[in-house]
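So the chains spell out like this:
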Amino acid sequence: MKRKFTAFDKVIIAFAAFFFIAPLIAAAEYSARGYGDKGHTFANYSWIVHQLGFSPALLTSLRIAAITILIVLVLMVPTVVYVHLGGRRYRRLVEILCLLPIVIPVVSLAIGAQVAMPKSLQSTSYELCFFYVVVAMPYVYRTLDIGLQSVALSTLVEASQSLGADWFKTLTMVIIPAIRSSTTGALFITFALSLGEYTLAVLLHFHTFPTWATNVSQQNIYGSIAISVTTLGGAWIFLIVIAFIPRIKSLFAQRKRVA
Amino acid sequence: MDLHGSTVEFRNVKRTFGTVKALDDFSLTIKPGELVTLLGPSGCGKTTALRILAGIDKEHEGIVEIDGKDMSQVPANKRNIGMVFQAYSLFPNMTAIENVAYGLRVRGVDSHKRESRARELLDLVGLSTQADRRPTQLSGGQQQRVALARALAIEPSVLLLDEPLSALDAQVRAQLREEIRRIQSTIGISTLFVTHDQEEAMAISDRVGVMNKGVLEQIDEPGKLYNKPRTPFVAGFVGLTNYIPAVTESKSLVLVLSQSLEISDHSPAVKKGDEVRALIRPEEFEVQKADEGATVITKSFLGPVTRLGIDVGTPDLIYAEITSKEAKKIDTGDFVRLSISSDAVMIEHV
């Protein structure tokens, strides 16, 4: 049955939408202002790409984000699936472990965890990937946990295995696609976090997109807002792309079948 | 499609959960192409037996063989067993045809072959027009049909059906069980069906095994199981049974409702004067209108037969079934005379 929205519901939704959208519109408008009453212009956006270090910083952050996503997928999906199946008794423990990064200050994490890092990683920016995995854990765990609660996981796993699939195929062909929206959400959170994290990068003296953006923002106030809007827009485009990839794939598969 | 029917054998299989014996020395042989049903109340161990055969439950003692090959070291995904689950188990991210083709896909069968085979199976279950629908766009009955097609697509050596009809409404359930039987007979696959619904079990099985507290109490053809139960539990669980207080006259005779009857072979040993309960089916009574005697309290029309609830002075009403034509002469409140028509009755100790 389709739920009917009451007038009160509509007011709340409108208020929430305004609360989220208004600052974005304001930021977009502000970032397009020209200096000295010159009206609106895209000059602040073209200014971004002309700044020294833009491409290396962005590419570094994108590489870090991609590797972080990969580690999150490999580490978190099997772990959360495991605690939903055979490892129920470890559920509380895993939940607590995943919540720890919220209560541990980032400074402690940066200093303490770096000591435990292999020497070969300590001097490269890829070290940040592991920190970002830890920082993303609370959000990723919760998102995947909710997704797995919404499907009959044990039945799907048993069905897949009875049809001849091993664990890897069951994970990649059944479980991850079955909780696609949760997986997408978890990836999006990880991507956004990796792309926007500043404190760890600056504490460990790495040049990522956020540290570069902070530096160049001091030269152009409108440009700094333009960087924020661009980053946010990029994250949204990424979300839309990963949300639509499976649909595009299935559309192609259907066309292929028809052909 | 013509599958090779395999022989399945459970030998002295035991499985415990804590202190509870889910399977206690369970032995069963399924002949090639046979449909065997395990019937019993919740917690009797029937699903445990099925899961052990599927390889999902490995914590058991005893031997499970398929075509003489010991399965104890073979993982679930290597057993080549098709399974239909009680819960809707279609992969939500795939269409009906993708679900059916899944088992072939993981086996690396090329896309053209697997699509044509999936279509063939969807056709077999009458869903060829629904191939591109997702599970959420299919009814419960359609989803279980797709699940059946998916299980058969891999050409399994054994088909396992774990209460696949229990979530469906009565009409769809009756229709689908006939379809399952038709398909199973057509392709000749050895099948283990698990249910707690005796009507379902009796309707489609070659043999039915009745389970109680982890023990296979009796396995027989449906007719034999109903007419010649070997234990009081089977007599009570399969069909409707009246438990009537009675007294033994000797080791082989019992007095029930003033009628002397032979005690059946599978009853427990008794001596003269023992107070027992006689287990009598409703259709084993003959009911005649009388001027005095037992009183008809309830009358339920069940189509070709009518069930009468009769007060004979025992704590519970006795239920007798007579043809609806005969029942026209009898109304509630009438006096009737009851006689038992069976040659031998099963008894149990009080």
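Residues numbered from 1 in each chain as written. Chains lettered and ligands numbered in written order. Predicted model: local features only at pLDDT ≥ 70, side-chain atom pairs only at ≥ 80, totals over all residues.

### Some remarks on the sheet that holds strand β18 (residues 335-340) of chain B
Residue and element names in this part refer to chain B.
Thought 1: As summarised here, the arrangement of the four strands in space is β17-β16-β15-β18, forming an open sheet in which the pairing is antiparallel. Edge positions in the sheet fall to β17 (318-323) and β18, since each of these pairs with one other strand and no more. Going from strand to strand, the sheet's axes swing by 60° on average, the running direction of each strand aside.
Thought 2: As defined by bridge partners, strand β15 (residues 285-301) adjoins strand β16 (residues 305-311) across six bridges and the pair is classed as antiparallel. When the sheet's bridge partners are listed, Lys-299 is paired in β16 with Leu-308. (Pairing = 2+ DSSP bridges. Helix = DSSP H or I, 4+ residues; strand = E, 2+ residues; numbered from the N terminus. Axes fitted to C-alpha atoms, helices over the stretch in contact; angles between N-to-C directions.)

### Observations regarding the interface of chain A and chain B
Thought 1: Residue-level contacts link 19 residues of chain A with 20 residues of chain B.
Thought 2: Those elements giving two or more residues to the side of chain A that touches chain B turn out to be α8 (153-162), α9 (167-178) and α13 (221-258) of chain A.
Thought 3: The dominant element in the side of chain A that touches chain B, judged by the number of residues it contributes, is α8 of chain A, at six residues. (Contact = placed C-beta atoms within 7 Å.)

### Looking at the pairing of β16 of chain B
Two faces, one strand: in a regular strand the side chains alternate between the faces of the sheet.
Residues and elements named next belong to chain B.
Thought 1: Only one face of β16 is buried, namely the one carrying Thr-306, Leu-308 and Ile-310, since none of Val-305, Arg-307, Gly-309 and Asp-311 on the opposite face is buried.
Thought 2: Here β16 pairs with β17 via six bridges, running antiparallel. Paired with Gly-309 across the bridge in β17 is Tyr-319.
Thought 3: With antiparallel pairing between neighbouring strands as the criterion, β16 and β17 make up a hairpin whose turn holds six residues, including Gly-313 at a positive phi of roughly 95°. (Buried ≥ 20, exposed ≤ 12 C-beta atoms within 10 Å, placed from the backbone.)

### Description of the domain arrangement of chain B
Residue and element names in this part refer to chain B.
Thought 1: Each assigned domain of chain B is listed with its residue range as follows: domain 1 (8-234) and domain 2 (240-349).
Thought 2: Once you take the C-alpha centre of each, domain 1 and domain 2 turn out to be 38 Å apart.
Thought 3: The interface of domain 1 with domain 2 comprises four residues on the first partner and four residues on the second.
Thought 4: Residue composition of the side of domain 1 that touches domain 2, grouped by class: two nonpolar, one polar and one charged. (Domains from an automatic or database assignment. Nonpolar A, V, L, I, M, F, W, Y, C, P; charged D, E, K, R; others polar.)

### Considering the domain arrangement of chain A
Residue and element names in this part refer to chain A.
Thought 1: Each assigned domain of chain A is listed here: domain 1 (20-50 + 220-259) and domain 2 (59-212).
Thought 2: Of note, the centres of domain 1 and domain 2, computed from C-alpha atoms alone, are 25 Å apart.
Thought 3: Contact residues are listed per partner, giving seven residues for domain 1 and nine residues for domain 2.
Thought 4: Counted by class, the side of domain 1 that touches domain 2 contains six nonpolar, one polar and no charged residues.

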